[in-house]
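Spelled out, the chains give:
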Amino acid sequence: MTDPSVEGMLQIKALIVGVNKYIACENLNYAVADASSVRDTLAQVYDKIQTILLTDNSEARYQPIRNNILSNIKLISENAKPNENIFFYFAGHGKDIDNEPVILPSDYRDELGTQAAIKIEDIKTSFVGSNAKFKLMILDSCHSGAVPGRAELGQMSRSMFKAITEVPEGFAVVSACGMNQVSYEDVTLKHGVFTHFL
């Protein structure tokens, strides 16, 4: 028999993704460290949390390839209960493809365009359709091109800004940068600057 005091408690389903190694983009240095740090922090703060960590130093089913990310977004969206929150964190490259803001999985290939990427709007749609009480998406990535250092040249695009600011009730998006800003990695911190100070 389930303890009713536990059943009524707010719980978290977390999907945390960190991508250092890309097939066809500039590699990053600290996205995996950022993702691991976020996972560890959540585990210390919350007693009731179920976490899926996808990083490129994991076994095959936990690699941050497109199919794994999408299937786990679907999994947590469909299985979340009304007393649960969804937490999605992504550290890696992002860009715009034909004015469509996307995040880039490790197996992204430019010639396939949005078919190889993951659209921000698709993630939002999946989470909005969930029974979860609240959904939080945190993006530590640049969004106008896969460039060195997560963002040395890539400022946040207008379409990405719109995608993260136009969200329904019960949904929040936090981004490493705002309009015309960039997201950086720091060799001294050995983390993305945003996630280090998050």
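Residues numbered from 1 in each chain as written. Predicted model: local features only at pLDDT ≥ 70, side-chain atom pairs only at ≥ 80, totals over all residues. Heavy atoms only, no water.

In this section: the pairing of strand β1 (residues 11–18). Of all the 8 residues making up β1, 8 are buried; the element is thus mostly covered by neighbouring parts of the structure. Covered by surrounding structure in β1 are Gln-11, Lys-13, Leu-15 and Val-17 together with Ile-12, Ala-14, Ile-16 and Gly-18, the residues of both alternating faces. Here β1 runs beside strand β3 (residues 84–91); their pairing, made up of 8 bridges, is parallel. The residue bridging Gln-11 from the neighbouring strand is Glu-84, located in β3. Of the pairings in the sheet, the one linking β1 to strand β2 (residues 49–55) comprises 7 bridges and is parallel in character. Its bridge partner being in β2, Ile-12 is matched across the sheet by Ile-49. You can see the chain leave β1, run along helix α2 (residues 31–45) and come back into β2, and the turn it takes is right-handed. (Buried < 20%, exposed > 50% of the residue type's maximum accessible area, 1.4 Å probe, protein only. Helix = DSSP H or I, 4+ residues; strand = E, 2+ residues; numbered from the N terminus. Pairing = 2+ DSSP bridges. Right-handed = clockwise from strand over helix to strand, strands pointing away.)

Model confidence for the chain is summarised by a mean pLDDT of 78, while 69% of its residues fall at 70 or above. A low-confidence stretch, residues 143–155 stays under pLDDT 50, and its non-local contacts, those more than four residues away or across chains, total 57 contacts. Counting interchain partners and residues more than four positions distant, the pLDDT-below-50 stretch residues 177–182 has 18 contacts. (pLDDT = per-residue confidence, 0-100. Contact = heavy atoms within 4.5 Å.)

What the rule picks out here adds up to 5 salt bridges. One salt bridge in this structure joins Lys-13 and Glu-84, with 3.7 Å as the shortest N-O distance. Taken together, the positions of Lys-13 in strand β1 and Glu-84 in strand β3 put the pair 71 residues apart, joining distant regions of the chain. Arg-61 is the salt-bridge partner of Glu-59, the closest N and O atoms lying 3.5 Å from each other. (Salt bridge = Lys/Arg side-chain N within 4 Å of Asp/Glu carboxyl O.)

What follows covers the sheet that holds strand β4 (residues 94–97). Read from one edge of the open sheet, 3 strands run β4-β5-β6, paired in antiparallel fashion. Of all the strands in the sheet, the pair left with one neighbour each is β4 and β6 (118–119). Bridge count for β4 against strand β5 (residues 100–103) is 4 bridges, and the pairing is antiparallel. When the bridges of β5 are listed, Ile-97 appears paired with Glu-100.

In this section: α2. Between its first and last C-alpha, α2 extends 21 Å over 15 residues, near the 21 Å set by a 1.5 Å rise per residue. Among all positions of α2, only Ala-31, Val-32, Asp-34, Ala-35, Ser-36, Val-38 and Leu-42 are buried. (Expected span 1.5 Å × (residues − 1).)

Before going further, it helps to examine the pairing of strand β7 (residues 134–140). Where a strand is regular, its side chains alternate between the two sheet faces. Among the 7 residues of β7, 6 are classified as buried, and the element is accordingly described as predominantly covered. In this structure, β3 lies alongside β7, joined through 7 bridges in parallel fashion. By the bridge assignment for β7, Asn-85 is matched with Phe-134.

Moving on, we get to unusual backbone geometry. A positive phi angle, near 50°, is found at Asp-98, a position not held by glycine. In this model, Asn-99 sits at a positive phi of 65°, which is unusual for a non-glycine residue. When you line up the elements, Asn-99 lands in the loop between β4 and β5. Look at Asn-99 and you get exposed, because its relative accessible area is 65%.

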